[in-house]
Amino acid sequence: AQPPLQQEMSAKSLDLLEPDSLARLQGLKSAPELNGVLVKIVKYLPDRERYLVDFPSGERKRATFARTCLSPEGTERCAECGASEGLTADHDNPEDLYCQKCWKRYDEEQHAGSCAARGALPGG
C-alpha cells in the first residue's frame, strides 16, 4: 500500500480535467449566475491549482476556477430522476440540476395550486 500522501496525490492526478474537455461550473458563490454554464478546459495551472477555461457561449472571456467548481460534462444527473440529458440548473439551488421532464412536472404542480394538495393531478 502507498503512504497516505502518495495515495492522495495519485487520486488528484487521476482527477485532472483534460484540455479541450467540457465541464459545467458549480458551487460559485461570488458569481452564482455562472453556475451551470458550460466551459471548455484550456489547461491546468499547477502553480495556482486552478483551471484556465473558455466560455464557448460567450458569457465571459477566459477565467480560472478551482477543480471543485468544475463538474466534467456527462457526469451530471437530474436530482429528481437521475436522467443525464437536457439538464438545467435550479435558479435557487444552482448545484441541483433537473431534466426537462422533472421541470415540467414541478411547473405543473406549482400552477395546480391546491389541486395538487388534494391529489387531483394524475399520479397525485
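A quick note: this is a predicted structure, and the numbers were derived from the prediction, not measured. (Residues numbered from 1 in each chain as written. Predicted model: local features only at pLDDT ≥ 70, side-chain atom pairs only at ≥ 80, totals over all residues. Heavy atoms only, no water.)

Draft legend 1. Expanded view of the pattern of salt bridges. In the structure shown here, the tally under the stated rule is three salt bridges. The shortest N-O distance in the salt bridge between Lys-40 and Asp-20 comes to 3.7 Å. Remark: Asp-20 occurs in the loop between α1 (4-14) and β1 (22-25) and Lys-40 occurs in strand β2 (residues 38-45); sequence separation between them is 20 residues. We note a salt bridge from Arg-24 to Glu-73, for which the minimum N-O separation is 3.2 Å. Note that Arg-24 is positioned in strand β1 and Glu-73 in the loop between β5 (70-72) and β6 (88-89), a separation of 49 residues in sequence. (Salt bridge = Lys/Arg side-chain N within 4 Å of Asp/Glu carboxyl O. Helix = DSSP H or I, 4+ residues; strand = E, 2+ residues; numbered from the N terminus.)

Draft legend 2. Summary view of the pairing of strand β3 (residues 50-54). Relative to β3, β2 runs antiparallel, the two sharing five bridges. Residue pairing across strands places Lys-43 opposite Leu-52, the latter belonging to β3. (Pairing = 2+ DSSP bridges.)

Everything listed here is a matter of geometry and, on its own, says nothing about what the molecule does.
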